[in-house]
There are 2 protein chains.
Amino acid sequence: MKTVLKSIRKTVVISPGRPTVLIGEKISAAARDDLARALREGDLTLLCKEAEKQVAAGADVLEVNVGAPGVDEVEWLPRTVEAILQAVDTPLSIDTADFEALEAALSAHKELAPEGKPLINSVNGEDHYLKGILPLAAEYEAAVIGMTLDDDGIPETPDGRLAVARKIVERAQATGIPRADVVVDCMALSVSTDPQAGQVTLEAIRRVRDELGVNLTLGPSNVSFGLPERGKLDWAFTAMAIQNGVNCPIVNVGQDRRFIMAIDAILGKDEQGLRFIEDYREEGREGT
Amino acid sequence: MKTVLKSIRKTVVISPGRPTVLIGEKISAAARDDLARALREGDLTLLCKEAEKQVAAGADVLEVNVGAPGVDEVEWLPRTVEAILQAVDTPLSIDTADFEALEAALSAHKELAPEGKPLINSVNGEDHYLKGILPLAAEYEAAVIGMTLDDDGIPETPDGRLAVARKIVERAQATGIPRADVVVDCMALSVSTDPQAGQVTLEAIRRVRDELGVNLTLGPSNVSFGLPERGKLDWAFTAMAIQNGVNCPIVNVGQDRRFIMAIDAILGKDEQGLRFIEDYREEGREGT
């Protein structure tokens with residue numbers, strides 16, 4: 001199954017046989033004080049610079065989130081989407097829980113890129129979100145990330161997460177969104193609070209891939225919350241998650257890109273390791 | 001299924017539910033000129049020091065190989081086994097293709113550790129090895145690594161490797177070796193010569209685990225032969241291989257141990273990440 005994302009000038013295809021697509025996690029005012037401050041001051045330069053930096057580091061898709069205290073999302077989400085669409089070629093993943101801001105952003109995207117197709121992060125199995133977001137995704141022809149949680153919380157079993165994923169896919173299809181435009185996130189939780197958390201997510205990923213056939217995203221770094229040496233835990237989990245079906249993870253691109261290229265080389269998604277070698281030569285640097 | 005290895009004073013249990021057992025790859029005269037030179041000069045001090053170093057780095061089992069030009073294995077393999085058994089507590093994996101040297105080493109092991117149980121690396125599906133090694137393993141009550149290659153070479157498909165593994169397990173049982181004492185190695189080959197090599201091995205591992213139920217070893221680092229930044233490729237492959245069933249890989253312990261503990265934490269083999277945290281505190285160092 002192919003999920004096709006488009007900006008003004010660039011198309012990115014997410015599909016099991018292809019190299020892993022990297023969604024850059026960093027343009028988030030919720031996670032970065034400096035970006036939140038710039039937005040409160042009405043300054044989009046810093047966000048555009050961050051976008052350029054991430055594209056240079058190898059991001060295939062850019063996450064955009066302007067949710068922060070003192071920032072009016074309805075005003076600033078569309079303006080940020082416009083600014084970044086003009087600053088870089090990369091397709092966008094629009095991250096908000098505010099339906100009005102989402103519609104304004106999708107409308108701004110459609111205006112600048114009539115043939116474009118952003119990703120919405122995210123809908124989940126809660127009725128409130130399904131009703132609020134799916135019709136917007138259908139109207140503006142956007143793809144959506146479907147997170148496997150619903151009104152009862154995050155299911156503790158792979159079966160439970162598969163059931164929520166199936167519900168989201170079915171509701172999306174009923175709303176006129178093709179199955180290929182739903183990208184499922186089986187949700188990473190920390191193994192420090194529940195030692196089974198990693199396995200449950202990995203098994204859910206494998207089952208969603210095998211039984212629903214849709215593409216899969218994941219923010220792997222939650223798995224290591226509360227533990228030391230998070231990089232090692234995140235990499236171990238990322239390798240296993242990609243083996244099981246994740247093909248467009250949300251990551252810190254600068255830090256994780258070469259490792260994910262190594263995973264692709266192992267999984268035969270990189271003929272003779274050529275992308276890996278070429279990338280190594282271009283950067284001309286050694287690592288672990 | 002449990003494979004139990006024993007030295008004079010220590011027992012190591014290899015089993016799917018337990019933390020990954022690390023077989024230290026480094027005491028090999030075939031791979032290290034300094035060790036080969038010391039052996040030619042009849043000096044075992046360096047090998048014993050290397051053994052101590054690896055045990056300090058966290059090796060659960062030590063590989064011993066004295067095969068090098070100018071070294072008489074029949075004389076030096078048993079002497080090395082004796083010296084290392086006395087120097088450290090760790091069980092041994094005896095690596096040789098010389099049946100006479102193997103018998104001498106097993107006999108020396110039995111003498112020093114009458115209740116001991118070493119691992120033999122390795123038998124494979126070739127008749128020559130099955131006939132030469134299995135009776136020795138049975139006589140001296142040793143466990144054996146079974147490599148998935150036979151007189152026709154290394155099978156190119158997971159099916160083919162599973163078939164060789166099954167043949168080895170059956171021949172071992174017919175020779176009086178319990179199924180639990182056969183540890184299968186599905187063989188890592190470089191993805192630089194065959195882009196499918198990683199996937200074939202990973203799938204073979206999964207099938208051997210599911211269909212034969214035996215424990216599995218692997219020397220993951222062959223996967224990256226001929227490529228740059230081998231560490232990233234090796235780690236990616238190691239995480240996926242352990243997820244699929246490898247539970248006693250042959251590794252560079254100093255370099256790979258913390259990463260493998262991270263894999264175990266993700267796979268719920270380390271309650272609340274406690275081993276991982278404790279190890280981190282003891283060593284008191286950061287890294288990716």
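As the structure is a prediction and not an experimental result, all values here were calculated from the model. (Residues numbered from 1 in each chain as written. Chains lettered and ligands numbered in written order. Predicted model: local features only at pLDDT ≥ 70, side-chain atom pairs only at ≥ 80, totals over all residues. Heavy atoms only, no water.)

## Examining the layout of surface pockets
It is the rolling of a water-molecule-sized probe over the atoms that shows where space remains empty. Volume-wise, the largest pocket comes out at about 1,000 Å³. Taken together, 38 residues form the lining of the largest pocket, with Gln243(A), Asn244(A), Arg206(B), Gln243(B) and Asn244(B) sitting closest to its centre. When residues of the lining of the largest pocket are traced back to their parent elements, those giving at least two are α7 (197-212) and α8 (230-244) of chain A together with α7 (197-212) and α8 (230-244) of chain B. Take the lining of the largest pocket: its biggest share by element is seven residues, from α7(A). Along the lines of polarity and charge, the residues of the lining of the largest pocket split into 14 nonpolar, 14 polar and ten charged. (1 Å grid on protein atoms, 1.4 Å probe; cavity = no way out; pocket = protein on both sides within 12 Å on 5 of 7 lines; lining within 4 Å. Points joined across faces, edges and corners; volume = space filled by probe spheres on them. Helix = DSSP H or I, 4+ residues; strand = E, 2+ residues; numbered from the N terminus. Nonpolar A, V, L, I, M, F, W, Y, C, P; charged D, E, K, R; others polar.)

## Re the side chain of Lys269(A)
Residue and element names in this part refer to chain A. Along the chain, Lys269 turns up in the loop between α9 (253-266) and α10 (274-283). In this structure Lys269 is buried but unpaired, with Asp264 as the nearest side chain of opposite charge at 4.6 Å. Polar side-chain contacts of Lys269 include one of 3.3 Å to the backbone oxygen of Pro16. In contact with Lys269, other than residues within four places in its own chain, are Pro16, Gly17, Arg18, Pro19, Thr20, Asn247 and Asp264. (Buried < 20%, exposed > 50% of the residue type's maximum accessible area, 1.4 Å probe, protein only. Lys, Arg positive; Asp, Glu negative; His and termini not counted. Salt bridge = Lys/Arg side-chain N within 4 Å of Asp/Glu carboxyl O. Polar contact = N/O pair within 3.5 Å; in protein donor to acceptor, adjacent residues only side chain to side chain. Contact = heavy atoms within 4.5 Å.)

## Side note on the packing of helix α6 (residues 158-174) of chain A against α7(A)
Residues and elements named next belong to chain A. Two elements in contact, α6 and α7, have axes whose closest approach is 8 Å; the angle formed by their N-to-C orientations is 40°. By the criterion of interaxial angle, the relationship of α6 to α7 is oblique. The handedness of the crossing between α6 and α7 is right-handed. Facing α6, whose interface residues are Pro158, Asp159, Arg161, Leu162, Ala165, Arg166 and Val169, α7 presents Val200, Thr201, Glu203, Ala204, Arg207, Val208, Glu211 and Leu212. Partitioning the contact of α6 with α7 into residue classes produces eight nonpolar, one polar and six charged. (Axes fitted to C-alpha atoms, helices over the stretch in contact; angles between N-to-C directions. Parallel < 35°, antiparallel > 145°, perpendicular 65-115°, else oblique. Left-handed = near helix turned anticlockwise from the far one by under 90°.)

## Here we look at the pairing of strand β5 (residues 92-95) of chain B
Residue and element names in this part refer to chain B. The alternating pattern of β5 places Leu92 and Ile94 on one face and Ser93 and Asp95 on the opposite face, and all of these are buried. Two elements, strand β4 (residues 61-64) and β5, share three bridges in a ladder whose sense is parallel. If you follow Leu62 over to β5, its bridge partner there is Leu92. In the classification by handedness, the crossover that spans β4, the intervening helix α3 (residues 73-87) and the parallel β5 is right-handed. In this structure, β5 lies alongside strand β6 (residues 119-124), joined through three bridges in parallel fashion. Residue pairing in the sheet places Asp95 in a bridge with Asn121 of β6. The parallel pair β5 and β6 is bridged by helix α4 (residues 99-112), and the resulting crossover is right-handed. (Pairing = 2+ DSSP bridges. Right-handed = clockwise from strand over helix to strand, strands pointing away.)

## Observations regarding the sheet that holds strand β10 (residues 250-251) of chain A
Hydrogen bonding along the main chain pairs the strands of a sheet, whether they run parallel or antiparallel. All names here are of chain A. Read from one edge of the open sheet, eight strands run β9-β8-β7-β6-β5-β4-β3-β10, paired in parallel fashion. Because the sheet does not close on itself, it has two edges, and the strands there are β9 (215-217) and β10. Across two bridges, strand β3 (residues 23-24) lies against strand β4 (residues 61-64) in parallel orientation. By the bridge assignment for β4, Gly24 is matched with Leu62. Contacts from helix α3 (residues 73-87) reach β4 and β5 (92-95), with the element oriented near 165° to β5.

## Side note on a negative patch on the surface
Judged by side-chain charge, Asp72(A), Glu100(A), Glu103(A) and Glu139(A) come together as a negatively charged surface patch. Within the fold, Glu100(A) resides in helix α4 (residues 99-112). (Patch = residues over 30% accessible without salt bridge, like charges linked within 9 Å, V, L, I, M, F, W, Y side chains within 5 Å. Areas by Shrake-Rupley, 256 points an atom, 1.4 Å probe, with all protein chains shown as cover. Charge placed at Lys NZ, Arg CZ, Asp CG, Glu CD.)

## Considerations on the side chain of Thr20(B)
Residues and elements named next belong to chain B. Mapped onto the elements of the fold, Thr20 is located in the loop between β2 (11-14) and β3 (23-24). Under the relative-accessibility criterion, Thr20 is labelled buried at 6%. There is a polar contact of 2.7 Å between the side chain of Thr20 and the side chain of Asp264.

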